[in-house]
Amino acid sequence: MIMRITWGKVHAGKWDAYEQAYRNTVVTKSKNIRGLRSRWLARDTADKDAGFAVSLWDSLDDMRAYEQSDFYQKEILAPLQPFFVGEFKTYRCEVRYGQEGK
């Protein structure tokens, strides 16, 4: 399994608008993506204008196919980019251990 973790910062005071745009694009439009198991959006508790988008994938190939698709570039990323301040950083990690909660 592969975990994709993206950190980013949005314009001051725009987190709620970003979260709504995230729900309208990422959540609404990406329900049937090959290899995508689950995803989360987490707001930083120390910096209310920063956060993480985390997704879990079956394989690196599935994740890369998504990242390189026109769908991702035009339908997912493009509507969210106006919210970002500076760069956002994405990490791709091989999951070595996982445990389900209660």
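The preceding data block contains the structure.
Described in the following lines is the structure provided in the data block.

Rules of the game
- The residue numbers shown here count from 1 along each chain, following its written sequence.
- pLDDT decides what is reported in this predicted model: residues at 70 or higher carry local features, side-chain atom pairs at 80 or more are listed and counted, and totals for whole chains, interfaces and linings draw on all residues regardless.
- Derived side-chain values reflect all non-hydrogen atoms in the structure, with water molecules and hydrogen atoms excluded from consideration.
- In DSSP terms, a helix is any run of H or I states spanning at least four residues, a strand is any run of E spanning at least two, and both are numbered starting from the N terminus.
- Helix span, expected: 1.5 Å multiplied by one less than the number of residues in the helix.
- Bend is computed residue by residue as the angle between axes fitted to the seven residues ending at the residue and the seven residues starting at it.
- The rule is simple: take the accessible area with a 1.4 Å probe, protein chains only, and divide by the maximum for that residue type; under 20% is buried, over 50% is exposed, in between is partly exposed.
- Residue contacts are defined here by distance: any two heavy atoms, one from each residue, within 4.5 Å place the two residues in contact.
- Angles run from 0 to 180 degrees between N-to-C directions of axes, and those axes are lines fitted to C-alpha atoms, restricted for helices to the stretch in contact.
- Oblique is the label for any angle not covered by the other classes, which are roughly parallel (under 35 degrees), roughly antiparallel (over 145) and roughly perpendicular (65 to 115).
- When the near helix sits turned anticlockwise from the far one by under a right angle, the crossing is termed left-handed; a clockwise turn instead gives a right-handed crossing.

Moving on to helix H1 (residues 15-29). Look at H1: 20 Å from first C-alpha to last across 15 residues, which is about the 21 Å you get at 1.5 Å a residue. A bend of about 30 degrees at Tyr-22 is the largest found in H1. When we look at burial in H1, the residues that qualify are Trp-15, Tyr-18, Ala-21, Tyr-22, Thr-25 and Val-26. On the buried face of H1, the contacting elements are strand E2 (36-43), strand E3 (50-57) and helix H3 (70-80).

Here we take up the packing of H1 against H3. Closest axis-to-axis distance for the H1/H3 pair is 8 Å, and the angle between their directions is 165 degrees. With respect to H3, the element H1 is oriented roughly antiparallel. Pair H1 / H3 crosses with right-handed handedness. Here Tyr-18, Ala-21, Tyr-22, Thr-25, Val-26 and Lys-29 of H1 lie close against H3, whose contacting residues are Phe-71, Glu-75, Ile-76, Pro-79 and Leu-80.

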